[in-house]
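Residue strings, one per chain:
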Amino acid sequence: MNKAQTEESRRRLEETFKLDPIVPIKLKGNNYTLEFNNFAVKEVMKQTGFNIMAKSFGMSEMENPEILGSLLFQGLLTNHPDLTQDSVDKLFTYRHYPYILERLRMALTLFMPDISDLQPREE
């Protein structure tokens with residue numbers, strides 16, 4: 001990476017710290033906040049074997065009720081520690097699937113780095 005690219009990458013990284021990594025979601029008439037952090041990612045992996053850091057967030061994973069439920073629960077848990085997996089599973093039906101999927105994708109996008117910032121280092 002040349003100096004200009006390095007500076008641009010650093011500037012973009014600094015801008016990410018200004019982003020609010022939370023996504024509002026409404027379930028059963030109540031407002032909640034989705035937020036992913038490393039703890040949530042590790043818990044999803046422990047619960048389901050699904051590593052969102054290594055695999056794409058695709059339809060086949062989202063058709064699995066264990067993965068969908070775990071992602072939603074872990075994303076909510078950061079800001080709503082009183083929730084349980086059972087209580088979250090009861091907050092939605094698959095009629096809400098498109099809405100929940102869109103909210104989860106938004107929250108995960110805020111969690112993941114911009115791929116253009118992940119350039120290999122020059123030796």
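Here we summarise the structure given alongside this text.

Procedures and definitions
Residues numbered from 1 in each chain as written. Predicted model: local features only at pLDDT ≥ 70, side-chain atom pairs only at ≥ 80, totals over all residues. Heavy atoms only, no water. Core = buried A, V, L, I, M, F, W, Y, C linked by side-chain atoms within 4.5 Å. Buried < 20%, exposed > 50% of the residue type's maximum accessible area, 1.4 Å probe, protein only. Helix = DSSP H or I, 4+ residues; strand = E, 2+ residues; numbered from the N terminus. Contact = heavy atoms within 4.5 Å. Salt bridge = Lys/Arg side-chain N within 4 Å of Asp/Glu carboxyl O. Phe/Tyr/Trp six-rings, centres within 6.5 Å; stacked < 30°, edge-to-face > 60°. Expected span 1.5 Å × (residues − 1).

Side note on the nonpolar core
- Ranked by size, the top nonpolar core spans 28 residues in total, and within it Leu27, Leu71, Leu72 and Leu76 carry the most contacts.
- Within the residue set of this core, elements represented by two or more residues are β1 (23–27), β2 (30–34), α2 (38–48), α4 (65–77) and α6 (97–111).
- Beyond its immediate stretch of four places on either side in the chain, Leu72 contacts Ile25, Leu27, Leu34, Val88, Phe92, Ile100 and Leu104.

Focus on the pattern of salt bridges
- Overall, the coordinates contain two salt bridges when judged by the stated rule.
- A salt bridge links Arg103 to Glu102; the shortest N-O distance between them is 3.0 Å.

Examining the packing of aromatic side chains
- Across all of its chains, the model carries two aromatic pairs by this definition.
- Relative to Tyr94, the ring of Phe92 has its centre 6.0 Å away and its plane inclined at 70 degrees; by these criteria the two rings are edge-to-face.
- The exposure class of Phe92 is buried, given its relative accessible area of 10%.
- An aromatic cluster is defined as three or more aromatic residues linked by ring pairs; in this entry it consists of Phe92, Tyr94 and Tyr97.

Thoughts on α4
- Spanning 13 residues, α4 covers 18 Å between terminal C-alpha atoms, matching the ideal 18 Å at 1.5 Å per step.
- In terms of burial, α4 is largely enclosed, as 10 of its 13 residues are buried.
- When α4 is considered as a whole, its buried residues turn out to be Ile67, Leu68, Gly69, Ser70, Leu71, Leu72, Phe73, Gln74, Gly75 and Leu76.
- Looking at the packing, one finds that the buried side of α4 touches β1, β2, α2, α3 (59–62), α5 (85–89) and α6.

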